[in-house]
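Notes for the structure review
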Amino acid sequence: MKYLLFIFLFSFSGLAQTKTDYTTKLNHSVSGNTIYLESEVDTKPKLMYGDNAMNRFLSRNFKFPKDNLPISEIVCSFIVEIDGTISDIKVLNDVPESYSKEAIRVLDKFDEPWYPALKDKQQVRCQYVFPIIINRT
């Protein structure tokens, strides 16, 4: 019994350590007003037509690269602008270039509006981290 408990705790701690923290400010190439992190704003940006709008769009438009590598997640970052558009899309995790390009292509094509972030009752630019979960079943 002690052995099973040890294996359970060991595997659980291993899972906790593999989660990468993407909450640091990136060096985005866009100029203009200050860019805030999600943790620095009073109200986070959100999609105007609901949280699943981007997932539906991605499932219809993401084309798997021909290299067919076993990728489970593509973590992307972009800026939600004051006007509700997104800009400066980047891929944060280490995935093959073909998957990075496809993720950026599809997110760049996404044109549904966002409610911008609010800080001190003012609309502000905000860095948003969005994981694309790959499920090929």
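Just so it is clear, the structure is predicted and the values come from calculations on it, not from any experiment.

Here we look at the overall build of the protein
Counting secondary structure elements, the protein contains three helices and seven strands. Traced from its N-terminal end to its C-terminal end, the protein shows the element sequence α-β-β-α-β-β-α-β-β-β. Taking all 137 residues of the protein together, 34% fall into the buried category. For the protein, the proportion of contacts with a sequence separation of at least 24, taken over those separated by at least 6, is 77%.

Section: the pairing of strand E4 (residues 86-91)
In terms of strand pairing, strand E3 (residues 73-80) meets E4 through four bridges, oriented antiparallel. Counterpart to Ile79 in the pairing with E4 is Ser87. Hairpin connection from E3 to E4: five residues lie between these consecutive antiparallel strands, with Gly84 at a positive phi of about 90°.

As for the packing of aromatic side chains
Counted by the stated rule, this structure contains five aromatic pairs. An aromatic cluster of three or more residues is present, and its members are Phe78, Trp114 and Tyr128.

Overview of the pattern of salt bridges
By the definition in use, this model includes three salt bridges. One salt bridge in this structure joins Glu97 and Lys101, with 3.1 Å as the shortest N-O distance. Remark: Lys101 and Glu97 occur in helix H3 (residues 97-109); sequence separation between them is four residues, near one turn of the helix. Across the pair, Lys101 and Glu97 agree in class, each one exposed. Between Glu102 and Arg105 there is a salt bridge; the shortest N-O distance is 2.6 Å. Of this pair, Glu102 and Arg105 are both found in helix H3, three residues apart, which corresponds to roughly one turn of the helix. Residue class for Glu102 comes out buried when judged on its relative accessible area of 10%.

A word on the packing of helix H2 (residues 53-61) against H3
When two helices pack together, their arrangement is given by the angle between the helix axes and by the axis-to-axis distance. The interhelical angle for the contact between H2 and H3, taken along N-to-C directions, is 125°, at an axis separation of 10 Å. When the axes of H2 and H3 are compared, the pair comes out oblique. For the element pair H2 and H3, the recorded crossing hand is right-handed. Contacts between H2 and H3 pair Met54, Phe57, Leu58 and Asn61 from the former with Glu102, Arg105, Val106, Leu107 and Lys109 from the latter. Looking at side-chain class alone, the contact of H2 with H3 contains five nonpolar, one polar and three charged residues.

A short note on a nonpolar patch on the surface
Taken together, the side chains of Met48, Tyr49 and Tyr115 make up a nonpolar region of the molecular surface, amounting to roughly 320 Å² of accessible area. For Met48, the location among the structural elements is in the loop between strand E2 (46-47) and H2.

Some details on the side chain of Arg125
As for its position among the elements, Arg125 is in strand E7 (residues 122-133). In terms of polar contacts, Arg125 uses its side chain to reach the side chain of Glu81, at 2.7 Å.

Quick notes on the nonpolar core
Core analysis: the biggest nonpolar cluster contains 24 residues, and Met54, Ile74, Phe78, Leu107, Trp114 and Ile132 have the highest contact counts within it. At the level of elements, H2, E3, E4, H3 and E7 are the ones that each hand at least two residues to this core. Other than its neighbours up to four places away in sequence, Trp114 contacts Pro45, Lys46, Leu47, Met48, Met54, Phe78, Val80, Gly84, Ile86 and Tyr128.

Basis of the calculations
Residues numbered from 1 in each chain as written. Predicted model: local features only at pLDDT ≥ 70, side-chain atom pairs only at ≥ 80, totals over all residues. Heavy atoms only, no water. Helix = DSSP H or I, 4+ residues; strand = E, 2+ residues; numbered from the N terminus. Buried < 20%, exposed > 50% of the residue type's maximum accessible area, 1.4 Å probe, protein only. Contact = heavy atoms within 4.5 Å. Pairing = 2+ DSSP bridges. Phe/Tyr/Trp six-rings, centres within 6.5 Å; stacked < 30°, edge-to-face > 60°. Salt bridge = Lys/Arg side-chain N within 4 Å of Asp/Glu carboxyl O. Axes fitted to C-alpha atoms, helices over the stretch in contact; angles between N-to-C directions. Parallel < 35°, antiparallel > 145°, perpendicular 65-115°, else oblique. Left-handed = near helix turned anticlockwise from the far one by under 90°. Nonpolar A, V, L, I, M, F, W, Y, C, P; charged D, E, K, R; others polar. Patch = residues over 30% accessible without salt bridge, like charges linked within 9 Å, V, L, I, M, F, W, Y side chains within 5 Å. Areas by Shrake-Rupley, 256 points an atom, 1.4 Å probe, with all protein chains shown as cover. Polar contact = N/O pair within 3.5 Å; in protein donor to acceptor, adjacent residues only side chain to side chain. Core = buried A, V, L, I, M, F, W, Y, C linked by side-chain atoms within 4.5 Å.

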